[in-house]
Amino acid sequence: MAKKAANKKVNKKTNSFEQILWDTANKLRGSVSSADYKHVVLSLIFLKFASDKFEERRAELIAEGKEKYVDMVEFYTMKNIFFLPEEARWSYVKQQAKQDDLAIKIDTALATVEKNNKALKGALPDNYFSRLGLEGSKLAALIDTISNIDTVADKKEDVVGRVYEYFLAKFAASEGQRGGEFYTPKVVVNLIAEMIEPYKGKIYDPCCGSGGMFVQSIKFVESHHGNTRDISIYGQESIATTRKLAKMNLAIRGISGNLGEAPADTFFRDQHPDLKADYIMANPPFNLKGWRAADELTDDPRWAGYEVPPANNANYAWILHMISKLSENGVAGFVLANGSMSTTTNSEGEIRKKIIENDLVDCMIALPGQLFFTTAIPVCLWFISKNKKADAAQGFRDRRGETLFIDARKMGTLIDRVHRELSEEEIGEITRTYHAWRGEAEAGAYEDTPGFCKSATLEEITSHQYVLTPGRYVGVEEVEDDGVPFEEKMGELTAVLYQQMKEGAELDAVIRRNLEVLGYGG
């Protein structure tokens, strides 16, 4: 009990600090655009973290009597720590906080960090602060606030990771629909990771945004006592500044990943053409229009065996791209707009029919509304499995010809006026249901639950015209019998109805009299 109280206190303190940092950063508003603003703040947090790690390692070398090695890059990289020349250290930047050329000093620090660490190539903003023309006093205030974060003091608490994630979420919410380009709500990412369990192998996100799927995969492995060295990360992002966010997000957590040589469009310049992934996690842009011209990519091998995805909506292009990237035992979990489950527009209905006939759909989940900061569009989760045969090693039963439908629309709790979150218990209930259905013994026995989950056969899906909306399959939730006999209940309801009808007639008479007084009698 005491431990629980202590943790609560720490969380409260951290939340408060995050809010103070956010409020300080907010003072930059008006000086820079919303889109630029996040790069300013997150770059500084990254620099502070890299500097704290460097200083900690430097002190460690000195304590070990290895002073002559403190300026050798290799003694830092061997511990997965970035080497920082003096002009790139936070202490140096802080000393310059009151100078007129502070922005130049920060740009120099970031450029120097990147130049001295190959893993950060293309990750950090290039002359960003100088170009923005930020007001010096506001920038100095932000430097002072960030200086108060000791990002490495608490070894158990991933302080900088929490701050980074907090800021990404806040920025996504403040940017509205554009925020969806770089951020997927933590509960959605967490649910996908818990569902597909990416313990070992290659993980791929073809539209990785700020890298949230990768971060959650690593957290999943760590929380289940796996070895993070057993997984490798591949991603791609078309927006250059968002790709920088992803590289910083991974670097802050010591995660190495291959995000391709450059920011690039996944459909036109695939950065991992030969990749076969064991796990794919993604949140593609919803209902992306004009992703190709009518005569482009019409004979692309990724659509082989299917109709060509329509040019006016990329949803099924993303699905086919991901299917083409899965290994022979690979699984994919991704977010799409609800319309993807039932559309028959252009070739989409035919593509979905073929995917179902190929027995690739393992599970469909309808999510509650308002989970996303950036859109009110109802969304669902698709889970694709390339191999539904029994797998004794993983404890999976033979699921060929079956698909699990889960309707989670009634789950979640409003955390403010417009945003909803799933609790850990609800995420656990959904994932346990899926794992039990897959046959995993530790998840218990699976049973259909009216209104929540249903295991459907290919024949049943065919009878529903290949529509994958869970509500069509799970039926209506059973209402608990209150023990009142039907005749008694009907008598009570009828009495209430007659009383309401009598009151309605009396009100009609009053309204009629008032209208007559006003000269509008009928």
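Refer to the preceding data block for the structure.
Definitions and limits used
- Residue positions are given per chain, counted from 1 along the sequence in the order it is written.
- Residues qualify for local features only when their pLDDT is at least 70, as the model is predicted, and side-chain atom pairs are given and counted only at 80 or more; totals for whole chains, interfaces and linings, by contrast, use all residues.
- For the side-chain quantities, the full set of heavy atoms in the structure was used; hydrogens and water were omitted.
- Pairing between two strands is assigned when DSSP locates at least 2 bridges connecting them.
- Only DSSP runs of H or I covering at least 4 residues are called helices, and only runs of E covering at least 2 are called strands; the numbering of each starts at the N terminus.
- Note on method: axes are straight lines fitted to C-alpha atoms, helices fitted across the in-contact stretch only, with angles between N-to-C directions ranging 0 to 180 degrees.
- The contact definition used throughout considers only heavy atoms, calling two residues in contact when any of these lie within 4.5 Å.
- Working definition: rings of Phe, Tyr and Trp (its six-membered ring) pair if their centres are within 6.5 Å, and the pair is stacked with planes under 30 degrees apart, edge-to-face with planes over 60 apart, and tilted otherwise.
- Burial classes: relative accessible area under 20% of the type maximum marks a residue as buried, over 50% as exposed, and values in between as partly exposed (1.4 Å probe, protein chains only).
- Two thresholds decide whether a charge sits over a ring: the Lys NZ or Arg CZ must be within 6 Å of the ring centre and within 35 degrees of the ring normal.

(A) How the structure looks around the sheet that holds strand S2 (residues 231-235). Strand order across the open sheet formed by eight strands is S2-S1-S3-S4-S6-S5-S7-S10, with mixed pairing between neighbours. Unpaired on one side and paired on the other, S2 and strand S10 (453-457) mark the two borders of the sheet. In this sheet, neighbouring strand axes are inclined to one another by 15 degrees on average, regardless of whether the strands run parallel or antiparallel. Here strand S1 (residues 201-205) pairs with strand S3 (residues 277-282) via two bridges, running parallel. The residue bridging Ile203 from the neighbouring strand is Tyr279, located in S3. Contacting S1, S3, strand S4 (326-337) and strand S6 (379-385), helix H12 (residues 315-325) runs over the sheet at an angle of about 160 degrees to S4. Relative to strand S7 (residues 402-407), helix H14 (residues 424-438) is tilted by about 165 degrees, and along the sheet it contacts strand S5 (361-366), S7 and S10.

(B) Layout of the packing of aromatic side chains. Taken as a whole, this structure holds 15 aromatic pairs when the rule is applied. Relative to Trp303, the ring of Trp291 has its centre 6.0 Å away and its plane inclined at 90 degrees; by these criteria the two rings are edge-to-face. Here Trp303 lies in the loop between S3 and H12 and Trp291 lies in the loop between S3 and H12, a separation of twelve residues in the sequence. Judged by its relative accessible area of 5%, Trp291 falls in the buried class. Site record: aromatic cluster; members linked through ring pairs are Phe267, Trp291, Trp303 and Trp318. The aromatic ring of Trp437 is capped on one face by Arg397, whose charged end is 5.2 Å from the ring centroid.

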